[in-house]
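Listed below, chain by chain, are the residues.
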Number of protein chains: 2
Amino acid sequence: MAQSVLRQSTRSVNALRSFLRPVLPIIARPFGTSTFKMSEFKQADHKLLVIPGPIEFSDPVLLANATPGTAHTSPAFIPVFGESLKLLRKVLLSTEESGSQPILIAGSGTLGWDAVGVNLVERGDEAVVLNTGYFEIYGAKVNQVKAEVGNVPTDEAIITALSSKPKIITITHVDTSTGVLSPAAHIASLVKKHSPETLIVLDAVCSVASEEIKFDEWGLDVVISATQKGLGVPPGLSVVLASKRAVEISENRKTPQQGYYISWKKWIPIMKNYEASKPSYFATPPVQLIYALNTSLKSIVSKPISERVEAHKAASKYIKDELSAIGLDFVPKSRDIAANGMTAVRFPKGLQAPDVLPKLAERDIVVAAGLHKAIVTEYFRIGHMGVTAVDRERGDLEKVIKGVKEVLGKN
Amino acid sequence: MAQSVLRQSTRSVNALRSFLRPVLPIIARPFGTSTFKMSEFKQADHKLLVIPGPIEFSDPVLLANATPGTAHTSPAFIPVFGESLKLLRKVLLSTEESGSQPILIAGSGTLGWDAVGVNLVERGDEAVVLNTGYFEIYGAKVNQVKAEVGNVPTDEAIITALSSKPKIITITHVDTSTGVLSPAAHIASLVKKHSPETLIVLDAVCSVASEEIKFDEWGLDVVISATQKGLGVPPGLSVVLASKRAVEISENRKTPQQGYYISWKKWIPIMKNYEASKPSYFATPPVQLIYALNTSLKSIVSKPISERVEAHKAASKYIKDELSAIGLDFVPKSRDIAANGMTAVRFPKGLQAPDVLPKLAERDIVVAAGLHKAIVTEYFRIGHMGVTAVDRERGDLEKVIKGVKEVLGKN
């Protein structure tokens, strides 16, 4: 549907809203008796998925993804969307009072980079990119601060890069290709000290709900993520949290945004309406995925986030200790810069992916091969996020370790 | 994950592919015995959703959307994605030989407009937009050809607009806000006659798999759609089919694309790999939605597409005849420009949405209010796409008519 119709529809929905308010409770009447009880649903048997995302999903999350056809403007759905926005803030330890803005739209984690590029970057802006590069496309001058494989950039290199007071700095929180965990809190503190105006963007695709993220306390400006990793929801949602400062900067651009679907100007009013339980329309949200996300977020916040982070640390320690015990080594240079939601582990000398991965698959265990070009054949990756890390009664971790030991002849 | 990592990963996956080929059949071994039989799954009871999308989904489609965690590079998943691309071409009556390129990515139908804007339009290009406008944002000079509410643009107006040989013309196939069906085949023939170089873009969000579309025969260049309407799949997928000519034009742009996630340069190699059943990676596809789409597409192509179109015509005729019989009138000026997948019906004099919609909702029937600003309070909209139109044993259409008659006191 094209722009003018969309504009009309937003206005019309708003008009209709006040119109229908008195009768909404009737329309919102819950579903009748369900012919299919949630407790009866059990997902199909399948190989254990322990890659760094997508991960294993719980039965309630998958059942929510099978929610019957529901209008995106339904009074039953709107509060579910609104609550999901609030819960996302909670997971990232941000508050409504901070003015931070969650934005959930159909897309992948990668779409979050377009969100940053389109909404925050203008031609000629300077961007510092830790490890990896992206912003060239939006006309930014990019300064890449690289680290050797398995390591993080030095403080010195970061401070030097900040000396020109760049518009933006991006941090890859967990590098999915190497399992390296950046010290995001520390890097943010360096930015606050040496270039406080610089916007801090955290690529948290592989860290939300598995690693510690304190959005408000660290003074982050944008967290970019997706659903299929720590959040434990099928892929298909771009997950963003933007600070008040970032939103204001996007609103006060000098040049127009080079994008439509990804425009925060379009989406933020919609998100605000959803959060206030008001119907609103720009583009159709992925209703079933939002139900699935809501189910997962409610489970995540049923305990303090710190406990969830600790559970991931314990899972990671178990996996890494067990692998160390059979003589295996890791891609990250040290444990303190190793992710807690995944492990990048080197093969024993002489072995490569085709010697190991198929044998694990025969045991119904799916791990991931190497990804970083420089060392692609030398290692493999195990994911341990979400239910695999938190619901230890599943025995996922023990199954992986048993499988690896068998395949490597170490049992 | 940022650009250089993505580049690495594509290369690495390709390297790994040839590496793993001998053992893929083992990894691809199907799931073990399912603890949950497909035949046992029945979606929750819910109100009948008869709006112009999202629509009612079948049980097998919803169960597919609850597929357990599956890697996007899994040898089990890749052929499912590849087959879905082929089936989409089939639904749109296009052939592989034509060189047309299906593109399925996480997003909404609206994202398709960014795809057209980013990949096909360059600053200064002229675009003719029938009914509605969008392309300003990508620097195009836009010539809007408007029609009065409920009508389609005249041939004369279209031919005049084509006289400057614009780069692109966009046609809204079914206007969701009014239920008007554009004579797309006829308009395409006017373009072929008066400005054959002009790219023809069909906004088919509300027409794919419910109205006749002959991609190759009509000489279309881009069809933009989504899953939650005629395709009968939960929302969250941007559905695009691009002609060989459109792909070539996107490849030979003079100026760089102002977008990353939406770039066809990034996605087309991935789609080609999926269609050839080879693993490939740019951004994580919405795995569960692709399973759901595959399930629906297989059901759709199990009969000739012409039969499906006829079923929608029959459903539309039934609804419109029944509503006419109780004295109701429609927004489209005549039946021959009225959509077959939806009906925009005027309220009897003196009634508005709050008098009718809540009473239908009490009867577990969800229709949609008006949307077009000029007449928003004067009409409502009934969707009759997908299983509601095709699987007449469900009795959806009869339920809607019975409900409307009761509420209007016409029974």
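Keep in mind that what you see is a predicted model, and the values were worked out from it rather than measured. (Residues numbered from 1 in each chain as written. Chains lettered and ligands numbered in written order. Predicted model: local features only at pLDDT ≥ 70, side-chain atom pairs only at ≥ 80, totals over all residues. Heavy atoms only, no water.)

Chemist: If you had to explain the overall build of chain A to someone new, which residues and values would you point to?
Modeler: Scanning chain A from N- to C-terminus turns up 15 helices and 14 strands. Residue burial in chain A is summarised as follows: out of 411 residues, 63% are buried. Restricting the contact set of chain A to residue pairs at least 6 apart, pairs at least 24 apart contribute 68%. Carbon and sulfur atoms make up 53% of the accessible area of chain A, which amounts to about 14,300 Å² in all. (Helix = DSSP H or I, 4+ residues; strand = E, 2+ residues; numbered from the N terminus. Buried < 20%, exposed > 50% of the residue type's maximum accessible area, 1.4 Å probe, protein only. Contact = heavy atoms within 4.5 Å. Areas by Shrake-Rupley, 256 points an atom, 1.4 Å probe, with all protein chains shown as cover.)

Chemist: Run through the domain arrangement of chain A, naming residues and quoting values.
Modeler: All names here are of chain A. Here the domain parsing of chain A yields domain 1 (48-53 + 304-408) and domain 2 (59-301). Taking the mean C-alpha position of each, domain 1 and domain 2 sit 26 Å from one another. Each partner contributes to the interface: domain 1 provides 24 residues, whereas domain 2 provides 25 residues. Summed over both sides, the interface of domain 1 with domain 2 buries roughly 2,000 Å², with 64% coming from carbon and sulfur. For the domain 1 face of the interface with domain 2, the top three residues by lost area are I305, R308 and I337, together amounting to 28%. Remark: the boundary between domain 1 and domain 2 carries zero salt bridges. (Domains from an automatic or database assignment. Buried area = accessible area lost by both parts, 1.4 Å probe. Salt bridge = Lys/Arg side-chain N within 4 Å of Asp/Glu carboxyl O.)

Chemist: Kindly report on the side chain of H46 of chain A, identifying the contributing residues and their values.
Modeler: All names here are of chain A. The residue H46 is located in the loop between α2 (24-27) and β1 (48-49) in this model. The exposure class of H46 is buried, given its relative accessible area of 19%. Polar contacts involving the side chain of H46 include one to the main-chain carbonyl oxygen of A44, which spans 2.8 Å. Side-chain polar atoms of H46 contact the side chain of E56, separated by 2.8 Å. (Polar contact = N/O pair within 3.5 Å; in protein donor to acceptor, adjacent residues only side chain to side chain.)

Chemist: Tell me about the sheet that holds strand β11 (residues 342-346) of chain A, residues and numbers included.
Modeler: Residues and elements named next belong to chain A. If you trace the three strands from one edge of the open sheet to the other, you get β11-β14-β13, paired in antiparallel fashion. Strands at the two margins of the open sheet, each flanked by one partner only, are β11 and β13 (368-369). As paired strands, β13 and strand β14 (residues 379-383) are joined by two bridges and run antiparallel to one another. Within β14, the position partnered with A368 by the bridge is R381. Against the sheet, helix α12 (residues 305-325) engages β11 and β14, with an angle of about 10° to β11. (Pairing = 2+ DSSP bridges. Axes fitted to C-alpha atoms, helices over the stretch in contact; angles between N-to-C directions.)

Chemist: Give me the lowdown on the UniProt feature "binding site: substrate" (unreviewed entry) in chain A, citing residues and values where you can.
Modeler: All names here are of chain A. On the UniProt side, "binding site: substrate" (unreviewed entry) is annotated at positions that read R381 here. Here R381 shows up in strand β14. The exposure class assigned to R381 is buried, which follows from its relative accessible area of 8%. Each residue touching R381, except ones within four places of it in the same chain, is listed here: V50, P52, T176, S177, M342, T343, A344, V367, A368, A369, G370 and L371. (UniProt positions renumbered as here; feature names shortened; annotations may be inferred.)

Chemist: Can you lay out the sheet that holds strand β14 (residues 379-383) of chain B for me, pointing to particular residues and giving the numbers?
Modeler: Read across the open sheet, the three strands follow the order β11-β14-β13 (chain B); overall the sheet is antiparallel. Sheet topology places β11 (342-346) and β13 (368-369) of chain B at the edges, where each strand pairs with a single neighbour.

Chemist: Now, about the packing of aromatic side chains: what can you tell me, with residues and values included?
Modeler: How two aromatic rings sit relative to each other is given by the distance of their centres and the angle of their planes. A complete count under the given rule lists 17 aromatic pairs over all chains for this structure. Both rings, one in Y261 of chain A and one in W267 of chain A, keep their centres 6.0 Å apart while their planes meet at 90°; by these two values the pair is edge-to-face. Measuring from centroid to centroid gives 4.1 Å for F81 of chain B and Y274 of chain B, while their planes differ by 20°, and the two rings are stacked. In this pair, F81 of chain B sits in helix α4 (residues 78-91) while Y274 of chain B sits in helix α10 (residues 264-275), placing the two residues 193 residues apart along the sequence. (Phe/Tyr/Trp six-rings, centres within 6.5 Å; stacked < 30°, edge-to-face > 60°.)

Chemist: Now, about the nonpolar core: what can you tell me, with residues and values included?
Modeler: Counting 194 residues, the largest nonpolar core has V223 and W264 of chain A together with V223 and W264 of chain B as its most contacted members. Filtering out sequence-adjacent residues up to four positions away, W264 of chain A remains in contact with I103, A115, N119, L120, V222, V240, A242, A246, S250, Q257 and P269 of chain A. (Core = buried A, V, L, I, M, F, W, Y, C linked by side-chain atoms within 4.5 Å.)

Chemist: Quick one: what's the story with the environment of V61 of chain A, residue by residue and with numbers?
Modeler: All names here are of chain A. With respect to the helices and strands, V61 occurs in helix α3 (residues 59-64). Accessibility expressed as a relative area gives 3% for V61, which makes it buried. When sequence neighbours within four positions are dropped, the list of residues in contact with V61 reads G232, V233, P234, A292, T295 and S296.

Chemist: Give me the lowdown on the packing of α4 of chain B against α10 of chain B, citing residues and values where you can.
Modeler: All names here are of chain B. Running from N to C, α4 and α10 point in directions that differ by 105°, and their axes come no closer than 7 Å. With respect to α10, the element α4 is oriented roughly perpendicular. From α4, I78, F81, G82, L85, K86 and R89 reach across to α10, where they touch M271, Y274 and E275. Looking at the contact of α4 with α10 residue by residue, the classes come out as five nonpolar, one polar and three charged. (Parallel < 35°, antiparallel > 145°, perpendicular 65-115°, else oblique. Nonpolar A, V, L, I, M, F, W, Y, C, P; charged D, E, K, R; others polar.)

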